[in-house]
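Reading the structure
Below are the chains, spelled out letter by letter.
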Amino acid sequence: MHAGFAPGLPRIVTLTMNPALDITTSVEVVQPTSKLRCSATRYDPGGGGVNVARIAHVLGGSAFAVLPSGGSHGGLLTRLLSDAGVPFGEIPIAGATRESFTVNETSTGRQFRFVLPGPVLTAAEQDRCLQELRMAARSADFVVASGSLPPGVPADFYQRVADVARDVGARLILDTSGGGLHGVSSGVYLLKASVRELRECVGRELVTEAEQIAAARELVDSGRAEVVVVSLGSAGALLATEHTCQRFAAVPMEGGSGVGAGDAMVAAIAVGLTRGWPLAKSVRLGIAAGAAMLLTPGTAVCERSDVERLFELTGEPVEVGDSA
């Protein structure tokens, strides 16, 4: 393990099993077979938990990122994290850290995102990631596991993460999809999911709000998570717990790229909770942070001043569904 900074006593520890070097550029028109002349290129450290740590750091939270890293892309990613002042623990791996490539088409405003699968992690490398997480999170309030699982990592890996969080006395916030979500049966404090991810988890279409609420409550009632936050994009968010279901309105925004909005939401919720804020107020901060990402270029992080300004525009939630 190589640490970018001494971890100290972080309140939030993030785990990113499939980090990425995010590359963003633009071109006037995307068309096949032509050689496309791109504009200047932007490089950012990426992957769910990495983004959460970056944004928590911007918001004044105490965060430490745990991530596997390999090859030249991994070296650039960790160097960018160091430059941003984000503390991290790096687990060297034999494979190369992946790239994610975003192209903005300036003539239409459309965005094209190319996400590579990532390196295969050996069982020994996976175990080292869990060992580093256990060490880093021994005094943390929250562990945030976010992002996809790379090839070679079994679907129940996040259940092992939940077990580590329980052992060290931290609460787990989980934001993932597909197999990584299906492999978790217990131990999650807060699950953040989009409607698509919630749909994949329960195997139903979830067209109406009532259906979405029922699915979220199903995850709570089954013991998989204490809290479920469903991000609805421009429609706001839903919050489901054992005792309540609430709807939060979105902050009205014009255009912009939604890249990283979900990660920003998770980061701000975690920061709010470490401040001792109630859950609903923390979700409002999350909505503000997600909206603030629409003001940033590519995969750049939001500004704290924008989050604070937009937070003042968020409203109190309303009770919906069959609140107990």
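Residues numbered from 1 in each chain as written. Predicted model: local features only at pLDDT ≥ 70, side-chain atom pairs only at ≥ 80, totals over all residues. Heavy atoms only, no water.

By the naming in an unreviewed UniProt entry, the chain is Phosphofructokinase, taken from Mycobacterium paragordonae. Entered under Sequence similarities (unreviewed entry) in the UniProt record, the comment concerning the chain runs "Belongs to the carbohydrate kinase PfkB family." (UniProt positions renumbered as here; feature names shortened; annotations may be inferred.)

1. Side note on the sheet that holds strand E8 (residues 111-115)
Pairing within the open sheet is mixed, and its four strands lie in the order E4-E3-E7-E8. Looking along the sheet, the strands with just one partner apiece sit at the ends: strand E4 (42-46) and E8. Neighbouring strand axes in the sheet, compared pairwise and without regard to direction, differ in orientation by 20° on average. When strand E3 (residues 20-27) meets strand E7 (residues 98-105), the two strands line up parallel, connected through eight bridges. (Pairing = 2+ DSSP bridges. Helix = DSSP H or I, 4+ residues; strand = E, 2+ residues; numbered from the N terminus. Axes fitted to C-alpha atoms, helices over the stretch in contact; angles between N-to-C directions.)

2. Topic: the packing of aromatic side chains
Two descriptors summarise a pair of aromatic rings, namely the distance from one centre to the other and the angle between the planes of the rings. All chains considered together, the criterion is met by four aromatic pairs. When the ring of Phe101 is compared with that of Phe114, the centres are 6.5 Å apart and the planes differ by 35°; the resulting orientation is tilted. Taken together, the residues Phe101 in strand E7 and Phe114 in strand E8 connect sequence positions 13 residues apart. With a relative accessible area of 33%, Phe101 lands in the partly exposed category. Sitting above the plane of the Tyr189 ring, Arg171 keeps its charged end 4.6 Å from the centroid. Positioned over the ring face of Trp277 is Arg275, at 4.9 Å from the centre of the ring. (Phe/Tyr/Trp six-rings, centres within 6.5 Å; stacked < 30°, edge-to-face > 60°. Buried < 20%, exposed > 50% of the residue type's maximum accessible area, 1.4 Å probe, protein only. Lys NZ or Arg CZ within 6 Å of the ring centre and 35° of its normal.)

3. A word on unusual backbone geometry
Although it is not a glycine, Thr33 sits at a positive phi angle of roughly 70°. Relative to the helices and strands, Thr33 is located in the loop between E3 and E4. Accessibility expressed as a relative area gives 86% for Thr33, which makes it exposed. Phi is positive for Leu206, close to 60°, though the residue is something other than glycine. Note on placement: Leu206 falls in the loop between helix H6 (195-202) and helix H7 (209-221). For Leu206, a relative accessible area of 4% corresponds to the buried category.

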